[in-house]
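Understanding the architecture of this molecule
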Amino acid sequence: MARTESSGPATTGPVPGAAGAPAAGAGSAGSAGSAGGDGAAGGDGLAPDVASALEEFTGHLRHERNRSPHTVRGYRSDLTDLLRGLPGLGALDLDHLRRRLGATHAAGAGRATVARRTAAARTFCAWAVRTGRLDHDPAARLGAPRAGTVLPEVPAAAETAAVLAAVTSGAAEDAPEALRDLLVLELLYATGIRVAELCGLDVGAVDESTRTLRVRGKGDRERTVVFGVPAARSLRRWLDHGRPALATPSSPPALLLGVRGGRLDPRVARTVVHRAIRAVPGVPDVGPHGLRHAAATHLLEGGADLRYVQELLGHATLSTTQLYTHVTVDRLKVVHDQAHPRA
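All of the points below concern the structure found in this document. (Residues numbered from 1 in each chain as written. Predicted model: local features only at pLDDT ≥ 70, side-chain atom pairs only at ≥ 80, totals over all residues. Heavy atoms only, no water.)

Right, let's get into the overall build of the chain. Broken down by element type, the chain carries 13 helices and five strands. Burial status across the chain gives 44% buried among its 343 residues. Counting contacts in the chain only where the partners sit at least 6 residues apart, residues at least 24 apart contribute 65% of the total. A total accessible area of about 16,500 Å² is found for the chain, and carbon and sulfur atoms account for 53% of it. (Helix = DSSP H or I, 4+ residues; strand = E, 2+ residues; numbered from the N terminus. Buried < 20%, exposed > 50% of the residue type's maximum accessible area, 1.4 Å probe, protein only. Contact = heavy atoms within 4.5 Å. Areas by Shrake-Rupley, 256 points an atom, 1.4 Å probe, with all protein chains shown as cover.)

Structure (structure tokens):
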């Protein structure tokens, strides 16, 4: 198994999560879980048959639905909180779920968190009915608040260009880490891929002749993304001068390596992005996901078709991609107010 290396600080900026599916660390409001009492089981407060059902459900997510480890951890965290206090799985009912979600809200969780946990409860209960663990679905009538739309903050095209220019200058001496950091920034912005997808790339996934990458994304879906000439130049410099200097006999076939020769850890990549952006005054401090937002927004501002951007980002539905049209409209309103004689 290829090792993943953390070659930098583990502290990262916030990573935006989708409201429709649980995200790792979703237990931020889990401290509200004490409401309703603990069950008779282990340290997570779940009764034995509840814990067993949750374990089988997460296995179902992992092996049958091909959900990522990040998503599986999120479901486990959310459901552990929602199922805590039950004497047994058969006692799960609508009132219990409403109490647990109410405790989540009372603990200060936002609408998106409550909506996500509601979705987790519905998915789990539907699975439990299908597999005969419950004789009815207590979550069928469970309501959820509308999560609302939070428009992402993205740097302008000129600001992003300034960040990339600064990182390019820093890599002028061909220092291996500097070349790697430049490639991280260039590929994230050029392709709009997720940081986990970037760090999961192998050398064999790169086709320099067509300037394309084979990316494995959410749900184990594979897609092809393209990148431009600046990213291609950074890639060639990294492969010629950077990667050979960091690779060891035990290195995996990963495209990006850490200082000890292991696969680059996504936490390190996030630190690289934040450090590069903070070095340029006036640029919004965004992480890798912010560069993904920037790539989509700037493509749409440049006239790209929404379907193309959907394919590039790996969105399963067009409605997710349409978020970026709202960002673009907001920018257009600002320009109109500043420049139009009748604004």
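Let's pick the thread back up.
Further remarks concern the packing of aromatic side chains. All told, the structure shown has four aromatic pairs when counted by the stated rule. Ring centres of Phe57 and Tyr75 lie 6.0 Å apart, and the angle between their planes is 75°; this geometry places the pair in the edge-to-face category. Residue Phe57 is located in helix 1 (residues 48-64), and its partner Tyr75 is located in helix 2 (residues 69-83); the two are separated by 18 residues in the primary sequence. Here Phe57 matches Tyr75 in class, with each residue buried. Ring geometry for Phe57 versus Phe124: centroids 5.3 Å apart, planes at 90°, classification edge-to-face. Of this pair, Phe57 sits in helix 1 while Phe124 sits in helix 4 (residues 111-130); the two residues are 67 residues apart in sequence, bridging distant segments of the chain. With respect to burial, Phe57 and Phe124 carry one shared label: buried. Taken together, the ring pairs connect Phe57, Tyr75, Phe124 and Trp127 into an aromatic cluster. (Phe/Tyr/Trp six-rings, centres within 6.5 Å; stacked < 30°, edge-to-face > 60°.)

Structurally, the position occupied by Thr118 is in helix 4. The buried category is assigned to Thr118, whose relative accessible area is 0%. Here Val114 takes part through its backbone oxygen, which lies 2.8 Å from a polar atom of the side chain of Thr118. If sequence neighbours within four positions are ignored, Thr118 has contacts with Leu101, Leu142, Gly143 and Ala144. (Polar contact = N/O pair within 3.5 Å; in protein donor to acceptor, adjacent residues only side chain to side chain.)

The topology assignment puts Thr58 in helix 1. For the pair Thr58 and Val72, spaced 14 residues apart in the sequence, the C-alpha separation amounts to 6.1 Å. For Thr58, the contacting residues outside a window of four places in its chain are Val72 and Arg76.

Taking 1.5 Å as the rise per residue, helix 6 (residues 176-191) with 16 residues should run 22 Å; its terminal C-alpha atoms sit 22 Å apart, in good agreement. Here helix 6 has its buried residues at Leu179, Arg180, Asp181, Leu182, Leu183, Val184, Leu185, Glu186, Leu187, Leu188 and Thr191. Positive phi appears at Gly192, one or two residues downstream of helix 6, with a value of about 70°. (Expected span 1.5 Å × (residues − 1).)

What follows is about the sheet that holds strand 2 (residues 206-207). Adjacent strands of a sheet form backbone hydrogen bonds with each other and so pair up, either parallel or antiparallel. Pairing is antiparallel across the open sheet formed by three strands, whose spatial order is 2-3-4. Of all strands in the sheet, those with a lone pairing partner are strand 2 and strand 4 (222-226), marking the two edges. (Pairing = 2+ DSSP bridges.)

A word on the packing of helix 6 against helix 8 (residues 229-246). Viewed as axis vectors pointing N to C, helix 6 and helix 8 meet at an angle of 145°, and their least axial separation amounts to 8 Å. Crossing hand, helix 6 versus helix 8: left-handed. Along its contact with helix 6, which presents Pro176, Leu179, Arg180, Leu182, Leu183, Glu186, Leu187 and Ala190, the element helix 8 presents Pro230, Ala231, Ser234, Leu235, Arg237, Trp238, His241, Gly242, Ala245 and Leu246. Counted by class, the contact of helix 6 with helix 8 contains 12 nonpolar, three polar and three charged residues. (Axes fitted to C-alpha atoms, helices over the stretch in contact; angles between N-to-C directions. Left-handed = near helix turned anticlockwise from the far one by under 90°. Nonpolar A, V, L, I, M, F, W, Y, C, P; charged D, E, K, R; others polar.)

The next subject is the packing of helix 1 against helix 4. At a minimum axis distance of 11 Å, the contact between helix 1 and helix 4 shows a crossing angle of 100°. The angle between helix 1 and helix 4 places the two elements in the roughly perpendicular class. Every residue of helix 4 that contacts helix 1 at Ala53, Leu54, Glu56, Phe57 and His60 is listed here: Thr123, Phe124, Trp127 and Arg130. Taken together, the residues of the contact of helix 1 with helix 4 break down into five nonpolar, two polar and two charged. (Parallel < 35°, antiparallel > 145°, perpendicular 65-115°, else oblique.)

Moving on, we get to the pattern of salt bridges. Two side chains that carry opposite charge are able to pair once their charged atoms sit near each other. Applying the stated criterion to the full structure yields 18 salt bridges. Ionic pairing is found between Glu197 and Arg223, a salt bridge with its closest N-O pair at 2.9 Å. With Glu197 in helix 7 (residues 195-199) and Arg223 in strand 4, the pair connects residues that are 26 residues apart, well separated along the chain. The exposure classification of Glu197 matches that of Arg223, with both residues buried. Here the residues in one salt-bridge network are Asp78, Asp81, Arg84, Arg100, Arg116 and Arg117, joined through shared partners. (Salt bridge = Lys/Arg side-chain N within 4 Å of Asp/Glu carboxyl O.)

Residues Val184, Leu185 and Leu255 are the most contacted members of the largest nonpolar core, which totals 44 residues. Among the secondary structure elements, those contributing two or more residues to this core are helix 5 (157-170), helix 6, helix 7, strand 3 (212-216), helix 8 and helix 9 (266-278). Looking at this core, the element that brings in the most residues is helix 6, giving seven residues. Setting aside residues no more than four positions away along its own chain, Val184 makes contact with Leu198, Leu256, Leu264, Ala269, Val272 and Val273. By size, the runner-up hydrophobic cluster in this structure holds 28 residues, among which are Leu97, Leu101, Phe124 and Leu134. (Core = buried A, V, L, I, M, F, W, Y, C linked by side-chain atoms within 4.5 Å.)

Of the two faces of strand 4, only the one carrying Arg223 and Val225 is buried; Glu222, Thr224 and Val226 on the other face are not. Taking the residues between adjacent antiparallel strands as the criterion, strand 3 and strand 4 are bridged by five residues, where Gly219 takes a positive phi near 70°.

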